[in-house]
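The residues making up each chain are set out below.
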Amino acid sequence: MSSPQPLHRSRLHRSRPSGAQAGFAMAVASMSTVQLGSALTVPLFGQLSALGTAGLRLGWAGVLLLVLVRPRCRDFTASDLLACTVLGAATAGMMVFFMLALSRLPLGTASALEFLGPLAVSLFGPGHGRRTWTAAAAIGVVLLTEPWHGGLDALGAVYALAAAGCWAAYILLTQRVGDRVTGLKGLAVSMPVAGVLGMIVAAPAVTAHVTWPTLWIMLALAALSPVLPFALEFLALRRLTTSAFGTLMSLEPAIAMLVGLLVLGQTPGLAPAAGIAFVVAAGIGATRTGARRPTPAPDALSPAPAPSEV
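Keep in mind that this is a model prediction, so the values were computed, not measured.

Calculation notes
One numbering rule holds for all chains: residues counted from 1, following each sequence as written. Reporting in this predicted model follows two pLDDT cut-offs: at least 70 for local features of residues, and 80 or more for side-chain atom pairs to be given and counted; totals over whole chains, interfaces and linings ignore these cut-offs and use all residues. Note that the side-chain values use all heavy atoms of the structure and ignore hydrogens as well as water. Only the contacting stretch of a helix is used when fitting its axis, a line to C-alpha atoms as for every element, and angles between N-to-C directions run 0 to 180 degrees. Numbering of helices and strands starts at the N terminus; helices are DSSP runs of H or I of at least 4 residues and strands are runs of E of at least 2. Under this scheme an angle from 65 to 115 degrees is roughly perpendicular, one under 35 degrees roughly parallel, and one over 145 degrees roughly antiparallel; angles in between are oblique. Two helices cross in a left-handed way if the nearer one is turned anticlockwise from the farther one by less than a right angle. They cross in a right-handed way if the turn is clockwise. Any pair of residues with heavy atoms lying within 4.5 Å of one another is described as a contacting pair. Just so you know the grouping, Ala, Val, Leu, Ile, Met, Phe, Trp, Tyr, Cys and Pro go in nonpolar, Asp, Glu, Lys and Arg go in charged, and all remaining residues, Gly too, go in polar. The buried label goes to any residue with under 20% of its type's maximum accessible area, the exposed label to any with over 50%, and the partly exposed label to all in between, with areas taken from a 1.4 Å probe on protein chains only.

Caption draft 1: A look at the packing of helix α4 (residues 78-102) against helix α5 (residues 107-114). Close contact between α4 and α5 brings their axes to 9 Å; oriented N to C, the two are set at 140°. Classified by the angle between their axes, α4 and α5 sit oblique to one another. Of the two elements, α4 crosses α5, and the hand of that crossing is right-handed. Along its contact with α4, which presents Met94, Phe98, Ala101 and Leu102, the element α5 presents Leu107, Ala110, Ser111 and Glu114. Residues belonging to the contact of α4 with α5 are distributed by class as follows: six nonpolar, one polar and one charged.

Caption draft 2: Highlighting unusual backbone geometry. Geometrically, the link from serine 225 to proline 226 is a cis peptide bond, its omega value of 25° lying close to zero. Here proline 226 is to be found in helix α10 (residues 212-236). Of note, serine 49 is a non-glycine position whose phi angle comes to about 75°, a positive value. With respect to the secondary-structure elements, serine 49 resides in helix α3 (residues 45-69). Owing to a relative accessible area of 27%, serine 49 belongs among the partly exposed residues under this scheme. With phi around 50°, arginine 70 is a residue other than glycine that occupies positive phi space.

In structure tokens:
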């Protein structure tokens, strides 16, 4: 008589979340903390300016990750260190430009424009079915931004589009670093690079207006965002393709609009509400076909040694 063990294992396997589902949960948690951190940062613009808040958040985030992860140089190849450095520059640009956009645009609008970066990643990814969800996400972004009304702050839109370009580069580089470097060591190298660049840009505003209470507030905000969401994104990009991840980011403008309503009192109109339905549908559809195949560890890429002769 056959043993029931294989059937039991099969049921356990079916009950576990798939790679795409786990990646979906991590990405949603990441987006929620990013938008909450952004909304809580807006009241500090009057004291520290957009550049000052961005620089302090990046600086604290770099310190936190260095202390928590403690990466070692011997864990990286020269090409890995270069990729981490470029990723740090893209991270700094994404944060700084988004904070500048947020000083001129509502949270939902700035986030929708920034989403054009991940949308471009998904457009150039493989698979025709995924492009269907990309089209739905694009319609949602148009409804969220309502370009037919006009009145968008032009400089704010430029800042948001610059953040979108940095975000696209961030997605591609994050997956490359995450596949080559174990754990969060890559993030623990790239974030200090971003922190140094951010503090260089923000130095005039920070030195002139920072106080001890705001310094500790920014430490707490750095832990909420970007440390927690970026760590979650690193893990999510190991489970999703860059194309699926880029389309899944279509949820972020909807989350941003909800956070803007609850935290900042920014009420959306009817068209943005319809845009939320489009982007949510696109995000759910993306996860159904977005699981990545397991990526072999760097050591596994090398051929196995031949058995020694006796």
